[in-house]
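A structural walkthrough
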Amino acid sequence: MNDEQAAEFLGALANPTRLAIVRCLVRAGPGGAAAGAIASSAGASPSRASFHLSALADLGVVSAERQSRSIIYRINFERLGAVL
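Being a predicted model, the structure only gives us computed values, none of them experimental.

So, on to the packing of helix 2 (residues 16-28) against helix 3 (residues 35-42). Across the interface, helix 2 lies against helix 3 with an axial gap of 9 Å and an inter-helix angle of 120°. The angle between helix 2 and helix 3 places the two elements in the oblique class. As for how helix 2 packs across helix 3, the hand of that crossing is right-handed. Contacts between helix 2 and helix 3 involve Thr-17, Ala-20, Ile-21, Cys-24, Leu-25 and Arg-27 from the first element and Ile-38, Ser-41 and Ala-42 from the second. Taken together, the residues of the contact of helix 2 with helix 3 sort by class into six nonpolar, two polar and one charged.

Set out below in structure tokens:
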């Protein structure tokens, strides 16, 4: 990861809701968490959490997988480690 990508990643984490989402997903581990649980943990409405999850997915920080009626989000630990 180059410096520009790292700066963009860290800039995304400067938002309190996004930081709370990343912390929630780190705690959830490799199994990830459902969108509703993430929103609740971050203290955000489902639509607000969805907006931030989408932005984090665009940066490659999180990935999403549909499981039945839920969307499970997982942190990309490799990308997170590359920044740090």
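Regarding helix 3, the residues found buried are Ile-38, Ala-39 and Ala-42. For helix 3, the angular spread of the buried residues around the axis is 100°, confining them to a single face. Tucked inside the fold, the buried residues of helix 3 contact helix 2, strand 1 (33-34), helix 4 (46-58) and strand 3 (70-75). Taken from the residues just after helix 3, Gly-43 is the one with a positive phi, measuring 70°.

On the basis of which strands lie adjacent, the open sheet formed by three strands has the order 1-3-2 and antiparallel pairing. Edge strands, defined here as strands with exactly one partner in the open sheet, are strand 1 and strand 2 (62-67). Packing of helix 2 onto the sheet brings it into contact with strand 1, strand 2 and strand 3, and relative to strand 3 it is tilted by some 90°.

Consecutive residues of a regular strand have side chains that alternate between opposite faces of the sheet. Bridge count for strand 2 against strand 3 is six bridges, and the pairing is antiparallel. Within strand 3, the residue paired with Arg-66 across the bridge is Ile-71. Turn length for the strand 2-strand 3 hairpin, with the two strands adjacent in sequence and antiparallel, is two residues, and the turn residue Ser-68 shows positive phi of about 60°.

Rules of the game
- Residues numbered from 1 in each chain as written.
- Predicted model: local features only at pLDDT ≥ 70, side-chain atom pairs only at ≥ 80, totals over all residues.
- Heavy atoms only, no water.
- Axes fitted to C-alpha atoms, helices over the stretch in contact; angles between N-to-C directions.
- Helix = DSSP H or I, 4+ residues; strand = E, 2+ residues; numbered from the N terminus.
- Parallel < 35°, antiparallel > 145°, perpendicular 65-115°, else oblique.
- Left-handed = near helix turned anticlockwise from the far one by under 90°.
- Contact = heavy atoms within 4.5 Å.
- Nonpolar A, V, L, I, M, F, W, Y, C, P; charged D, E, K, R; others polar.
- Buried < 20%, exposed > 50% of the residue type's maximum accessible area, 1.4 Å probe, protein only.
- Arc of directions from axis to C-beta.
- Pairing = 2+ DSSP bridges.

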